[in-house]
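Okay, here's what each chain looks like letter by letter:
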Amino acid sequence: MIALAPQGLLARSIRGVVASPKAALALAICLLLVLAAIFAPILAPQNPYDLMQIDLFDGKLPPLSRGYNGQLYLLGTDTQGRDMLSAMLYGLRTSLAVGVTAGVLALAVGTSLGLLAAYAGGRVDATIMRFVDLMLGFPTILVALMILVVFGQGTGKVILALVFVQWAYFARAVRATAMVEAAKDYVEAARCLGLSSPRILFGHLLPNCLPPLIVIGTIQVANAIAAEATLSFLGIGLPITEPSLGLLIANGYQVLLAGTYWMSVYPGLLLLVLVFAINIVGDRLRIVLNPRLSQ
Amino acid sequence: MTAFVIRRIFQAALVLLATAVIVFIGVYAIGDPLEILLPGDATMAEREAVAQSLGLDKPLPVQFFTFLGNAVQGDFGRSFVYNRPAVDVILERLPATLELAFTALMISLILGIPLGLWAGTKPQSGVDETIMTGSILGFSMPNFWQGMMLIMVFSVALGWLPSTGRGETGTVLGMRTSFATWDGVAHLILPATNLALGQLALVIRLTRTGVQETMPLDFVKFARARGLSETRILLVHVMKNILIPIVTVIGVEFGSLIAFAVVTETIFAWPGVGKLIIDSIGALDRPIVVAYILVIVAMFIVINLIVDVLYSLLDPRVRARAA
């Protein structure tokens, strides 16, 4: 089998996703939401965290109502008179930033350890894999809870907790693929050329381990976003100064029983659409990039 | 076999010890234990008394062994909020959480296995596509938000079911349970459904994969050749083969249901250990937090150990690989 160049892989991934109408739609939604998050300060009708722009008189207005100064609140306002749509766009920004950062860091840590395990073998492999098994045996939320209790709270700590619970998925997948690849002739050839271990690991083995990494990376970003939202909802995640979608929903929860639904329903729907769309793309990638299924 | 079990028990003890070390470092070495273990309004005299009784003047390793010694005897200190031993408070609330997790597990099995069988027997069909997309939706939906939507629809809008608390419990066979009264069952429905939905997606996927892997096997063809009905082949012959992986995964997942009960209990004000831990983190009731983490991790390790041992009994291949 000819090793695929990364460029070919990217093209193959995109072609595969677009070939399914469902996945293509999901991918379009993902891109749209990423753009909305990046351009939130331009798109949002108001800056929800600039106290000059919000008006307490406009508190708890239902969707489509007009405010004290006649401005339209498309999705209503929260208890402090903040435009929900604007708050959601800023929340999306925070949620995506935390989720993607955690996902990428977990990918880096997990991939390095997985490659190392596969390449070094023996005692190193056994030790790393014992930790992987251990991590995968515990539920995400329990480990994250433990880390946040031990290290305290804050944005950095949340990302640390998410990386800690996710690296093992990458490590396991990379190791499994790399074990197969390491036995192939091209690795032997690289060794004979006297190339250094890091060069063989990252230059030769890694490109051939990319397909499972792309799939797991996609799904883990979705998981990280959902996990951060959950932790923030529980009050042990992001600080109030950085309101993610989870924190917005938590605020809406306080008034839900009184029948004020829009403060929790809309941010929740946005979170659901985001996570669902990423997972649909991930599921499609799993089918497209799985060599067993595509043959 | 005995060697396998002994090795697994040894590993389990090691993991528990590692957890104790991490928690110890977090609570005793990084933070100021007095800050954490004393209520904010403690006087200087109280501080000195506690510092002395905890042996905080001694070096860290000595302190660690004192902590470990107390922990082994189930002594994690007294809760500031309840003013009772932390372990007692936790054990008292554990049954409510176990009841919730068990009910959720049953719901996910009763709905998930039939749906998985249905999707598995009709691969690539509209039914399969719908069920599988539904299951992605199921695990994409943040648990806490899904619970809030249940409350909004069934409690606020329709007024059918209560949304907070555990309701009346009755005593059946010496156990206090919600199943004894209608009020108890009514209070259990929404939280158990909330907890079950995430699990449901997993059961559906496992069952579907199992069916698809088992259907092409020879014994299924042979059963067909004997003229058995498709229903019988599916429900008896195929079922038997896919139950082993389902049972194993479910065993491990029961532990994660207990962990995820943290979310459900917070939303539905269910008086179990999950709500307790979140309340305790908020109230800085650290003895409870430490006790919760160690008790839950211990429980988890025991469940994993039992599942591993059971699995190796059911499937000799696992035993051979582990040896």
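Since the model is a prediction, treat every value here as computed from it, not as a measurement. (Residues numbered from 1 in each chain as written. Chains lettered and ligands numbered in written order. Predicted model: local features only at pLDDT ≥ 70, side-chain atom pairs only at ≥ 80, totals over all residues. Heavy atoms only, no water.)

## Description of the nonpolar core
- One finds L92 of chain A together with F144 and Y292 of chain B to be the most contacted residues of the largest nonpolar core, which totals 173 residues.
- Per-element accounting of this core gives the leading share, 16 residues, to helix α10 (residues 230–268) of chain B.
- In terms of domain composition, this core takes at least three residues from each of domain 1 (31–75) and domain 2 (86–322) of chain B.
- Non-local contacts of L92 of chain A, meaning those with residues more than four positions away in its chain, are made with L33, A36, A37, L245, L270 and L274 of chain A. (Core = buried A, V, L, I, M, F, W, Y, C linked by side-chain atoms within 4.5 Å. Buried < 20%, exposed > 50% of the residue type's maximum accessible area, 1.4 Å probe, protein only. Helix = DSSP H or I, 4+ residues; strand = E, 2+ residues; numbered from the N terminus. Domains from an automatic or database assignment. Contact = heavy atoms within 4.5 Å.)

## Regarding a nonpolar patch on the surface
Residue and element names in this part refer to chain A.
- Together, V34, L35, I38, F39, I42 and L43 give the surface a local cluster of nonpolar side chains, amounting to about 590 Å² of exposed area.
- At the level of elements, α2 (21–38) and α3 (40–43) are the ones that each hand at least two residues to the nonpolar patch.
- A total of three residues in the nonpolar patch trace back to one element, the largest contributor, which is α2.
- Assignment of secondary structure puts I38 in helix α2. (Patch = residues over 30% accessible without salt bridge, like charges linked within 9 Å, V, L, I, M, F, W, Y side chains within 5 Å. Areas by Shrake-Rupley, 256 points an atom, 1.4 Å probe, with all protein chains shown as cover. Salt bridge = Lys/Arg side-chain N within 4 Å of Asp/Glu carboxyl O.)

## Some remarks on the interface of chain A and chain B
- Taken together, the 38 residues of chain A in the interface contact 43 residues of chain B.
- Where chain A abuts chain B, roughly 3,500 Å² becomes buried across the two surfaces, and 83% of that area is made up of carbon and sulfur atoms.
- A per-residue breakdown of the area chain A buries against chain B is headed by M146, V149 and V150 of chain A, which together make up 16% of the total.
- On inspection of chain A and its partner chain B, the count reaches two salt bridges.
- Two residues, E129 of chain B and K22 of chain A, come together in a salt bridge whose shortest N-O distance is 3.3 Å.
- Contributing elements (two or more residues each) for the side of chain A that touches chain B: α5 (122–137), α6 (140–151), α10 (210–233), α11 (245–256) and α12 (262–289) of chain A.
- Looking at the side of chain A that touches chain B, the element that brings in the most residues is α12 of chain A, giving 12 residues. (Buried area = accessible area lost by both parts, 1.4 Å probe.)

## A few points about the pattern of salt bridges
- Enumeration over the complete set of coordinates arrives at 10 salt bridges over all chains.
- E92 of chain B serves as the salt-bridge partner of R84 of chain B, at 3.0 Å between the closest nitrogen and oxygen.
- Judged by relative accessible area, R84 of chain B falls into the partly exposed class, the value being 30%.
- Each of the salt bridges in this network shares a partner with another, and the network as a whole consists of D283 and R286 of chain A together with R205 of chain B.

None of this, on its own, says anything about what the molecule does.
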